[in-house]
Amino acid sequence: MKNIILTGMMGSGKSTCAHLLSQRLGRPMEDTDDFICRLEGRSVAEIFAAEGEPHFRQKELEAARTLGMCSGCIVATGGGMVLQREAMDALKQNGVVIFLDRPAEQIFDGESLEGRPLAQGGKADFLARFRVREPLYRGTADLTITDFSSPEATVASILDGLHRLGETS
Ligand code: S3P
(Lines give C-alpha, C1' and ligand atoms only; values in the text may rest on other atoms or scores of the structure.)
Protein backbone atom coordinates (compact mmCIF):
# COMPACT_ATOMS: atom_id res chain seq x y z
CA MET A 1 0.00 0.00 0.00
CA LYS A 2 1.33 3.44 -0.92
CA ASN A 3 2.32 6.03 1.68
CA ILE A 4 0.56 9.39 1.78
CA ILE A 5 3.15 12.18 1.77
CA LEU A 6 2.19 15.72 2.79
CA THR A 7 4.32 18.62 1.51
CA GLY A 8 4.00 22.39 1.84
CA MET A 9 5.42 25.41 3.59
CA MET A 10 6.15 25.54 7.30
CA GLY A 11 2.86 26.22 9.08
CA SER A 12 0.66 24.95 6.24
CA GLY A 13 -0.86 22.29 8.53
CA LYS A 14 0.97 19.13 7.40
CA SER A 15 1.37 17.62 10.89
CA THR A 16 -2.17 18.44 12.00
CA CYS A 17 -3.62 16.93 8.82
CA ALA A 18 -1.36 13.90 9.07
CA HIS A 19 -2.68 13.21 12.60
CA LEU A 20 -6.28 13.55 11.45
CA LEU A 21 -5.67 11.39 8.38
CA SER A 22 -4.01 8.77 10.54
CA GLN A 23 -7.12 8.65 12.75
CA ARG A 24 -9.54 8.65 9.83
CA LEU A 25 -7.73 5.93 7.86
CA GLY A 26 -6.40 3.93 10.84
CA ARG A 27 -2.90 4.13 9.42
CA PRO A 28 0.35 4.99 11.21
CA MET A 29 1.84 8.46 10.80
CA GLU A 30 5.34 9.87 10.94
CA ASP A 31 6.65 13.41 10.86
CA THR A 32 10.10 13.76 9.30
CA ASP A 33 11.09 16.51 11.77
CA ASP A 34 10.12 14.30 14.74
CA PHE A 35 11.93 11.35 13.15
CA ILE A 36 15.14 13.43 12.85
CA CYS A 37 14.80 14.88 16.37
CA ARG A 38 14.40 11.43 17.90
CA LEU A 39 17.52 10.18 16.10
CA GLU A 40 19.56 13.27 16.98
CA GLY A 41 18.20 13.66 20.50
CA ARG A 42 17.59 17.41 20.06
CA SER A 43 15.18 19.88 18.52
CA VAL A 44 15.23 21.20 14.94
CA ALA A 45 16.29 24.63 16.24
CA GLU A 46 19.16 23.04 18.20
CA ILE A 47 20.30 21.05 15.16
CA PHE A 48 20.30 24.18 12.99
CA ALA A 49 22.15 26.20 15.66
CA ALA A 50 24.81 23.56 16.33
CA GLU A 51 25.36 22.03 12.89
CA GLY A 52 23.72 24.32 10.35
CA GLU A 53 21.24 23.68 7.56
CA PRO A 54 23.39 21.27 5.43
CA HIS A 55 23.58 18.79 8.31
CA PHE A 56 19.83 19.02 8.83
CA ARG A 57 19.23 18.43 5.12
CA GLN A 58 21.45 15.34 5.20
CA LYS A 59 19.35 13.96 8.07
CA GLU A 60 16.21 14.87 6.16
CA LEU A 61 17.43 12.87 3.16
CA GLU A 62 18.10 9.88 5.43
CA ALA A 63 14.60 10.22 6.91
CA ALA A 64 13.10 10.28 3.40
CA ARG A 65 15.03 7.15 2.41
CA THR A 66 13.90 5.29 5.53
CA LEU A 67 10.27 6.39 5.43
CA GLY A 68 10.09 5.80 1.68
CA MET A 69 10.51 2.12 2.47
CA CYS A 70 7.39 2.06 4.67
CA SER A 71 4.03 0.97 3.40
CA GLY A 72 0.64 2.57 4.11
CA CYS A 73 2.10 5.30 6.32
CA ILE A 74 1.04 8.97 6.49
CA VAL A 75 4.19 11.12 6.30
CA ALA A 76 4.27 14.83 7.20
CA THR A 77 7.45 16.25 5.66
CA GLY A 78 9.46 19.32 6.68
CA GLY A 79 8.75 22.31 4.44
CA GLY A 80 12.19 22.09 2.84
CA MET A 81 12.01 18.42 1.87
CA VAL A 82 11.22 19.39 -1.74
CA LEU A 83 14.62 21.13 -2.01
CA GLN A 84 16.28 17.73 -2.36
CA ARG A 85 15.33 15.88 -5.50
CA GLU A 86 16.77 12.63 -4.15
CA ALA A 87 14.63 12.87 -1.03
CA MET A 88 11.46 13.41 -3.03
CA ASP A 89 12.37 10.56 -5.37
CA ALA A 90 12.75 8.27 -2.34
CA LEU A 91 9.36 9.33 -0.99
CA LYS A 92 7.60 9.22 -4.35
CA GLN A 93 8.66 5.72 -5.31
CA ASN A 94 6.07 4.36 -2.88
CA GLY A 95 4.00 7.44 -2.07
CA VAL A 96 1.24 9.73 -3.26
CA VAL A 97 2.46 13.31 -2.75
CA ILE A 98 -0.07 15.88 -1.58
CA PHE A 99 0.86 19.56 -1.62
CA LEU A 100 -0.92 21.71 0.97
CA ASP A 101 -1.09 24.89 -1.10
CA ARG A 102 -1.94 27.33 1.65
CA PRO A 103 -1.04 30.92 0.71
CA ALA A 104 2.30 31.84 2.26
CA GLU A 105 1.03 35.26 3.28
CA GLN A 106 -1.92 33.72 5.13
CA ILE A 107 0.48 31.38 6.95
CA PHE A 108 2.90 34.12 7.95
CA ASP A 109 0.12 36.43 9.16
CA GLY A 110 -1.92 33.76 10.92
CA GLU A 111 0.37 31.09 12.34
CA SER A 112 2.98 30.94 15.07
CA LEU A 113 6.23 29.99 13.34
CA GLU A 114 8.14 29.61 16.59
CA GLY A 115 10.89 26.97 16.61
CA ARG A 116 11.38 27.25 12.83
CA PRO A 117 14.83 28.74 12.24
CA LEU A 118 14.12 29.52 8.58
CA ALA A 119 10.97 31.49 9.39
CA GLN A 120 12.68 34.08 11.55
CA GLY A 121 13.79 36.43 8.75
CA GLY A 122 10.54 38.39 8.42
CA LYS A 123 7.65 38.28 6.00
CA ALA A 124 9.50 39.27 2.81
CA ASP A 125 12.04 36.53 3.42
CA PHE A 126 9.28 33.97 4.07
CA LEU A 127 7.42 34.92 0.89
CA ALA A 128 10.64 34.83 -1.15
CA ARG A 129 11.40 31.38 0.24
CA PHE A 130 7.96 30.23 -0.88
CA ARG A 131 8.46 31.65 -4.38
CA VAL A 132 11.67 29.63 -4.77
CA ARG A 133 9.98 26.46 -3.54
CA GLU A 134 6.62 26.83 -5.23
CA PRO A 135 7.61 25.15 -8.53
CA LEU A 136 9.11 22.27 -6.54
CA TYR A 137 5.93 21.80 -4.50
CA ARG A 138 3.83 21.89 -7.67
CA GLY A 139 6.20 19.76 -9.72
CA THR A 140 6.37 16.93 -7.19
CA ALA A 141 2.66 16.86 -6.25
CA ASP A 142 0.17 14.22 -7.35
CA LEU A 143 -2.57 16.24 -5.69
CA THR A 144 -2.83 19.91 -4.65
CA ILE A 145 -5.12 21.01 -1.83
CA THR A 146 -6.48 24.55 -1.50
CA ASP A 147 -9.24 24.29 1.14
CA PHE A 148 -7.92 25.54 4.48
CA SER A 149 -11.21 26.67 6.02
CA SER A 150 -10.59 24.17 8.86
CA PRO A 151 -8.29 21.16 9.41
CA GLU A 152 -11.31 18.87 8.99
CA ALA A 153 -12.19 20.52 5.66
CA THR A 154 -8.59 20.15 4.47
CA VAL A 155 -8.60 16.47 5.40
CA ALA A 156 -11.97 15.95 3.69
CA SER A 157 -10.50 17.51 0.56
CA ILE A 158 -7.43 15.25 0.79
CA LEU A 159 -9.61 12.14 1.18
CA ASP A 160 -11.75 13.22 -1.74
CA GLY A 161 -8.66 13.72 -3.90
CA LEU A 162 -7.19 10.35 -2.87
CA HIS A 163 -10.47 8.70 -3.74
CA ARG A 164 -10.43 10.31 -7.19
CA LEU A 165 -6.89 9.06 -7.69
CA GLY A 166 -8.05 5.60 -6.66
CA GLU A 167 -5.70 5.59 -3.67
CA THR A 168 -8.22 4.89 -0.88
CA SER A 169 -11.27 2.73 -0.57
C1 S3P B 1 11.86 23.76 7.31
C2 S3P B 1 10.63 23.36 7.80
C3 S3P B 1 10.48 22.76 9.12
C4 S3P B 1 11.77 22.04 9.53
C5 S3P B 1 12.94 22.99 9.44
C6 S3P B 1 13.14 23.53 8.02
C7 S3P B 1 11.91 24.41 5.98
O8 S3P B 1 9.40 21.82 9.13
O9 S3P B 1 11.98 20.92 8.73
O10 S3P B 1 12.73 24.04 10.35
O11 S3P B 1 13.02 24.53 5.40
O12 S3P B 1 10.83 24.80 5.47
P13 S3P B 1 7.84 22.28 9.12
O14 S3P B 1 7.46 22.50 7.69
O15 S3P B 1 7.14 21.11 9.72
O16 S3P B 1 7.74 23.49 9.95
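Residues numbered from 1 in each chain as written. Predicted model: local features only at pLDDT ≥ 70, side-chain atom pairs only at ≥ 80, totals over all residues. Heavy atoms only, no water.

Student: Can you tell me about the sheet that holds strand β2 (residues 29-31), naming the residues and giving the values?
Tutor: If you trace the five strands from one edge of the open sheet to the other, you get β2-β3-β1-β4-β5, paired in parallel fashion. Single-partner strands in this sheet number two, and they are β2 and β5 (143-145). On average, each strand axis in the sheet is tilted by 20 degrees relative to the strand beside it, whichever way the strands run. By the bridge criterion, three bridges tie β2 to strand β3 (residues 74-76) in an arrangement that is parallel. (Pairing = 2+ DSSP bridges. Helix = DSSP H or I, 4+ residues; strand = E, 2+ residues; numbered from the N terminus. Axes fitted to C-alpha atoms, helices over the stretch in contact; angles between N-to-C directions.)

Student: Describe the site of the ligand, with residues and values.
Tutor: Taken together, 14 residues form the shell around the ligand, and within it Lys14, Asp33, Arg57, Arg116 and Arg133 come nearest. Residue Gly79 places a main-chain N or O atom 2.8 Å away from an oxygen atom belonging to the ligand. One nitrogen or oxygen atom from the main chain of Gly80 is found 3.3 Å from an oxygen atom belonging to the ligand. Starting from 390 Å² of accessible surface for the ligand in isolation, the protein chains cover 96%. The greatest single-element share of the shell around the ligand, amounting to three residues, is contributed by helix α4 (residues 53-67). Class assignment for the residues of the shell around the ligand results in five nonpolar, three polar and six charged. (Near = heavy atom within 4 Å. Polar contact = N/O pair within 3.5 Å; in protein donor to acceptor, adjacent residues only side chain to side chain. Areas by Shrake-Rupley, 256 points an atom, 1.4 Å probe, with all protein chains shown as cover. Nonpolar A, V, L, I, M, F, W, Y, C, P; charged D, E, K, R; others polar.)

Student: Account for the packing of aromatic side chains, naming residues and giving values.
Tutor: The tally for this structure, following the rule as stated, stands at four aromatic pairs. Pairing Phe48 with Phe56 gives two aromatic rings, centres 5.0 Å apart and planes at 40 degrees, and the pair type is tilted. The burial state of Phe48 is the same as that of Phe56; both residues are buried. Ring centres of Phe99 and Tyr137 lie 5.0 Å apart, and the angle between their planes is 10 degrees; this geometry places the pair in the stacked category. (Phe/Tyr/Trp six-rings, centres within 6.5 Å; stacked < 30°, edge-to-face > 60°. Buried < 20%, exposed > 50% of the residue type's maximum accessible area, 1.4 Å probe, protein only.)

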